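Examining the three-dimensional arrangement
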Amino acid sequence: MSIVKRSLYTRWFILLFSLGILILILWNTYLLFQTFKHEERVKMEIWAQANQKISESPLESDIELPSNILIKNTTIPAILTTDNDSIIRHFNLPEEAETNSKLLYEILNDLKSQNLPIEVKFLGEKQYVYYGNSSLINKLKYYPMALIAILVLFGLLVYSYFRASKMSSENKLWAGMAKETAHQIGTPLSSLLGWLEIMRLDDMDANIIAEIQKDVDRLQTIADRFSKIGSEPNLELLNIVEETKKSFDYLQSRSSKQIVFEFDTNTDIVNLMLNPTLHSWTIENLVKNAIDAIKGKGKIKVEIKNNENNLQILVSDTGKGIPKNQFRKIFEPGFSTKKRGWGLGLSLTQRIVQKYHKGSIRVLKSEIGKGTTFSIQYKKKSL
């Protein structure tokens, strides 16, 4: 049996065992509750008989025992009524019920809903004792709910722990895969660099060599990106306008001629603390996401706005748009509206912007059939 299956079976065993204990406690609590209810019923029957005994006894009779029985009842509220609900006496009720007949009858109706009445006879006429639950019974009936609440809270804590543990393991796995990918890319990349040198020595077309060099540099950048996953990147004070334009130009030169690219900025220099490799990955992911949205034909615009307290990068497209209920979901790992892909691009972009560059990213606006605009904001003071 694998470690994963053994761990899964252990979790289910703990869950079922805890559930069994809870059911057992709830059942025992129910039995205890019923026992107390029965004992209180017996006490109230004796109390009713004592009350009847006092009412029927001559003045010279010894009524010490029934009087003591009446006096000892200090916790169970009770009302003695006639056959037509006329109140004769009441016991252990709030003081305000003494002068408020409306409140007294409200309490009577409440007592009727709690227990069956006890019938007594006085001078041949029927009387009824309506009684409620004692303070002990009232406390006991909330005990199962408290247990369930504790179990639910415990379950949520366990779930949160296992979820966090699973996410941590998955993050380590992805980081390991990314680093291994960077390592594997490094071997053919070294060979390509060697072939480039041979091509230069053979006096091949300089333009062809330059274009190949750009793609080799791009592969080197991709390998560098993957190698940085799971590690804390180094930040440099760089001109974010220039770094953004570099990524924009590279993607424009290698995209369909049916796409209209536009780059606009209200400033030329804004120096911020950046990791150039990860920032280019951010722009690339958003632009490629826009290319997918317009299906290779349309307009993509990257705009940089230098505001007083922050710098904003807007990436807009004229694509299919995003429903409002997906504005947050699209940043979740694994979520994708495309048939192909793992749904990691926007998740990685959000991680780079928020965790490494201390910025924020969101869908600024989107309209089905008209396009989408993503917004990245960096606080200039915090950077």
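Throughout, a residue's number is its position along its own chain's written sequence, starting from 1. Where totals are concerned, whole chains, interfaces and linings use all residues; where local detail is concerned, this predicted model gives features only for residues with pLDDT of at least 70, and gives and counts side-chain atom pairs only at 80 or more. Values reported for side chains reflect all heavy atoms of the structure, with hydrogen atoms and water molecules removed beforehand.

Some words on a nonpolar patch on the surface
- Taken together, the side chains of Phe13, Ile14, Phe17, Ile21, Ile25 and Tyr143 make up a nonpolar region of the molecular surface, amounting to roughly 580 Å² of accessible area.
- By definition, any uninterrupted DSSP run of H or I lasting at least four residues is a helix, any uninterrupted run of E lasting at least two residues is a strand, and each is numbered from the N terminus. The element best represented in the nonpolar patch is helix α1 (residues 3–56), accounting for five residues.
- Following the sequence through the fold, Ile25 ends up in helix α1.
- Partly exposed describes any residue whose relative accessible area lies between the buried limit of under 20% and the exposed limit of over 50%, with all areas from a 1.4 Å probe on protein chains only and scaled to the type maximum. Given a relative accessible area of 31%, Ile25 falls into the partly exposed group. In this scheme, patches are assembled from residues that exceed 30% relative accessible area and form no salt bridge. Like charges are connected within 9 Å, while nonpolar side chains (Val, Leu, Ile, Met, Phe, Trp, Tyr) are connected within 5 Å. Per-residue and other accessible areas were derived by the Shrake-Rupley procedure at a 1.4 Å probe size, with only the shown protein chains allowed to occlude residues. Think of a salt bridge as a Lys or Arg side-chain nitrogen and an Asp or Glu carboxyl oxygen that are within 4 Å of each other.

Thoughts on the packing of aromatic side chains
- Within 6.5 Å between ring centres, the rings of Phe, Tyr and Trp (the latter by its six-membered ring) count as paired, and their orientation is classed by plane angle as stacked under 30 degrees, edge-to-face over 60, tilted in between. In the structure shown here, the tally under the stated rule is four aromatic pairs.
- With a centroid separation of 5.7 Å and 80° between ring planes, the pair formed by Phe248 and Phe261 is classed as edge-to-face. A residue pair is termed long-range when its members are at least 10 positions apart, and Phe248 in helix α7 (residues 240–253) and Phe261 in strand β6 (residues 259–265) qualify at 13 residues. Each member of the pair, Phe248 as well as Phe261, carries the same accessibility label: buried.
- Seen from their ring centres, Phe331 and Phe374 are 6.2 Å apart, and the 90° between their planes marks the pair as edge-to-face. Taken as a pair, Phe331 in the loop between β9 (310–317) and α9 (345–356) and Phe374 in strand β11 (residues 371–379) lie far apart in primary sequence, 43 residues in all.
- Given a relative accessible area of 6%, Phe331 falls into the buried group.
- Between Lys112 and the ring centre of Tyr130, over which it is positioned, the NZ or CZ distance is 5.4 Å.
- Charges are assigned to positions over rings by a cutoff of 6 Å between ring centre and Lys NZ or Arg CZ, combined with an angular limit of 35 degrees from the ring normal. Stacked on the ring of Phe263, the Lys or Arg Lys245 has its end atom at 5.5 Å from the ring centre.

Some words on the packing of helix α8 (residues 276–294) against α9
- Where α8 meets α9, the closest approach of the two axes is 9 Å, and the angle between their N-to-C directions is 145°. For the element pair α8 and α9, the recorded crossing hand is left-handed. Together, Leu278, Trp281, Thr282, Asn285, Leu286 and Asn289 of α8 and Gly345, Leu346, Leu348, Thr349, Ile352, Val353 and Tyr356 of α9 make up the contact between the two elements.
- Classification used: nonpolar for Ala, Val, Leu, Ile, Met, Phe, Trp, Tyr, Cys and Pro, charged for Asp, Glu, Lys and Arg, polar for all others including Gly. Residue composition of the contact of α8 with α9, by class: eight nonpolar, five polar and no charged. Axis definition: a line fitted to C-alpha atoms, over the contacting stretch in the case of helices. Angles run 0 to 180 degrees between N-to-C directions. Crossings are assigned a handedness: left-handed for a near helix turned anticlockwise from the far helix by less than a right angle, right-handed for a clockwise turn. Two residues qualify as a contact provided that any one of their heavy atoms is within 4.5 Å of a heavy atom in the partner residue.

Re the packing of α7 against α8
- The N-to-C vectors of α7 and α8 enclose an angle of 50°; their axes lie 9 Å apart at closest approach. For the element pair α7 / α8, the angle class is oblique. The handedness of the crossing between α7 and α8 is right-handed. In this structure, α7 contributes Ile240, Glu243, Thr244, Ser247 and Leu251 to the contact, and α8 contributes Pro276, His279, Ser280, Ile283, Glu284, Val287 and Lys288.
- Taken together, the residues of the contact of α7 with α8 break down into five nonpolar, four polar and three charged. In this scheme, roughly parallel covers angles under 35 degrees and roughly antiparallel covers those over 145, while 65 to 115 is roughly perpendicular and the rest are oblique.

Side note on the sheet that holds strand β8 (residues 298–306)
- Pairing between strands is defined by DSSP: at least two bridges between the two strands are required. If you walk across this open sheet you meet the five strands as β6-β8-β9-β11-β10, and the pairing is mixed. Each edge of the open sheet is held by one strand with a lone partner, namely β6 and β10 (360–367). Looking at each pair of strands side by side, their axes are set apart by 15° on average, direction ignored.
- Pairing of β9 with β11, which is carried by eight bridges, proceeds in the antiparallel orientation. Bridging from a neighbouring strand, Leu311 pairs with Tyr378 of β11.
- Along the sheet, α7 makes contact with β6, β8, β9 and β11, crossing β6 at roughly 170°.

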